[in-house]
Amino acid sequence: MNAVLAIAVIVLFALVLGGKSQEKAGESVSVNDSLCAATLPIAYINVDSLLLNYQFAKDANEVLIRQEEDSRLTFNTKARQLQEEVADFQKKLENNAFLSRERAEREQTRLMQKQQELQELEAKLSQELFTKQQEVNMQLRDTITHFLNEFNKNQKYELIISNTANDNVLHAKAKYDITREVIDALNQRCMKK
């Protein structure tokens, strides 16, 4: 038994110290006396740069900004109208312009109802904007995911990591950053459509 183990150890030393190279599933490993170098089949994409430079993301962001501006304009216009009506009500109340107390109470109830409707409008507009933002994010994620599947058809990479503001990748060699390559390819694809 000891003889078999001794032979196995000798064969192992011969392989390691013999300076042989091995290739495994997309990675190249060179083994010599003191150095072991490997090129890993991984890459990362800086998502912040991608979103700033991908034309589809820029266009989607513009759509969201326009919708937000339109919502804000609609809300502010109605809020201003309500403020004017409340101010007019206050003036009439101070000047005893209402013919009866019931008439003043009806006007106050109407204004309170209008304020409630304004709050409901604000909630509705916020929900619509949130829903649109979710849709755009899903479309963006789908286009990038679909593209990366196509981009990596040759299985060059086993793993592609997203990196946002250096959160996930604290340090990596530049050769693992494929952000520019992906942005250029996505924009070319976007221009074709």
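Note that the coordinates shown come from a computational prediction; the quantities given were computed from them, not determined experimentally. Residue numbers restart at each chain and count upward from 1, following the sequence in its written direction. Only residues with pLDDT of at least 70 get local features here, since the model is predicted, and only at 80 or more are side-chain atom pairs given and counted; chain-wide, interface and lining totals rely on the full set of residues. Values shown for side chains rest on all heavy atoms present in the structure; no hydrogens or waters enter the calculation.

Draft legend 1. Here's a closer look at a negative patch on the surface. Patch construction takes residues with relative accessible area above 30% that form no salt bridge. Like charges are linked within 9 Å, and nonpolar side chains (Val, Leu, Ile, Met, Phe, Trp, Tyr) are linked within 5 Å. All accessibility values rest on the Shrake-Rupley procedure with a 1.4 Å probe; residue burial counts only the protein chains present in the view. Salt bridge, as used here: a side-chain nitrogen of Lys or Arg that lies within 4 Å of a carboxyl oxygen of Asp or Glu. For the charge count, each Lys or Arg is scored as positive and each Asp or Glu as negative, with His and the chain ends excluded. Where a charge lies is defined by one atom per residue type, namely NZ (Lys), CZ (Arg), CG (Asp) and CD (Glu). Together, Asp-59, Glu-62, Glu-69 and Asp-70 give the surface a local cluster of negative charge. Helix and strand assignments follow DSSP, with helices taken as H or I runs no shorter than four residues and strands as E runs no shorter than two, numbered in order from the N terminus. Structurally, Glu-69 is set in helix α3 (residues 55–94).

Draft legend 2. Quick peek at the packing of α3 against helix α4 (residues 101–151). At their nearest, the axes of α3 and α4 sit 10 Å apart, and the two run at 175 degrees to each other. One finds that α3 runs roughly antiparallel with respect to α4. In this analysis, axes come from line fits to C-alpha atoms, helices being fitted only over the stretch in contact, and the angle between any two N-to-C directions falls in the range 0 to 180 degrees. Each angle receives one of four descriptions, namely roughly parallel if under 35 degrees, roughly antiparallel if over 145, roughly perpendicular if within 65 to 115, and oblique otherwise.

Draft legend 3. Up close: the nonpolar core. Judged by nonpolar contacts, the single largest core of 15 residues is most densely connected at Leu-50, Tyr-54, Ile-144, Val-182 and Leu-186. Elements with a contribution of two residues or more to this core: β4 (42–46), α4 and α5 (179–192). Buried Ala, Val, Leu, Ile, Met, Phe, Trp, Tyr and Cys residues that are joined via side-chain atoms within 4.5 Å together make up what is termed a nonpolar core. Only protein chains enter the accessibility calculation, which uses a 1.4 Å probe; a residue whose area is less than 20% of its type maximum is buried, one above 50% is exposed, and one in between is partly exposed. One finds Ala-79, Leu-82, Leu-118 and Leu-121 within the second-largest nonpolar core, a separate group that totals nine residues.

Draft legend 4. Examining α5 more closely. A rise of 1.5 Å per residue sets the reference length of α5, with its 14 residues, at 20 Å; its end C-alpha atoms lie 20 Å apart and thus fit the reference within 8%. For α5, every residue scored as buried is listed here: Thr-179, Val-182, Ile-183, Ala-185, Leu-186, Asn-187 and Arg-189. Contacts are residue-level and defined by heavy atoms, with any inter-residue pair within 4.5 Å sufficient. Where α5 is buried, its residues meet β4, α2 (47–53), α3 and α4. Helix span is expected to be 1.5 Å times the residue number reduced by one.

Draft legend 5. Structural context of the side chain of Arg-189. Looking at the secondary structure, you find Arg-189 in helix α5. Buried and unpaired, Arg-189 has Glu-150 as its nearest opposite-charge partner, separated by 4.7 Å. Sequence-distant contacts of Arg-189, that is, excluding residues within four places in its chain, are made with Thr-143, His-146 and Phe-147.

Draft legend 6. Quick peek at the confidence of the model for the protein. One confidence number per residue, pLDDT, is output by the predictor and ranges from 0 to 100. When the pLDDT values of the protein are averaged, the result is 82; 79% of them are 70 or greater. Taken element by element, the predicted model of the protein shows its lowest mean pLDDT in strand β1 (residues 21–24) (40) and its highest in α3 (94). Low pLDDT, under 50, characterises residues 19–34; the predicted model gives this stretch 25 contacts beyond four residues in sequence or across chains.

Draft legend 7. Just α4, in detail. Across its 51 residues, α4 extends 74 Å between first and last C-alpha, which sits within 8% of the 75 Å expected from 1.5 Å per residue. Residues of α4 that are buried: Ala-104, Glu-107, Leu-111, Leu-118, Leu-121, Leu-125, Val-136, Leu-140, Thr-143, Ile-144, Phe-147 and Leu-148. On its buried face, α4 is in contact with β4, α2, α3, β5 (159–163) and α5.

Draft legend 8. Quick look at unusual backbone geometry. Here the phi dihedral of Asn-96 falls at roughly 55 degrees; this positive angle occurs in a residue that is not glycine. Along the chain, the position of Asn-96 falls in the loop between α3 and α4. Given a relative accessible area of 66%, Asn-96 falls into the exposed group.

Draft legend 9. Broad picture of the pattern of salt bridges. Within this structure, the stated rule accounts for eight salt bridges. We note a salt bridge from Lys-124 to Glu-128, for which the minimum N-O separation is 3.8 Å. You can see Lys-124 and its partner Glu-128 sitting in helix α4, four residues apart, about one turn around the helix. With a relative accessible area of 49%, Lys-124 lands in the partly exposed category. Here Asp-184 makes a salt bridge to Arg-180, at a shortest N to O gap of 3.1 Å. Residue Asp-184 and its partner Arg-180 are located together in helix α5, separated by four residues, close to a single helical turn. Bridged by salt links that share partners, the residues Glu-85, Glu-107, Arg-110 and Lys-114 form one connected network.

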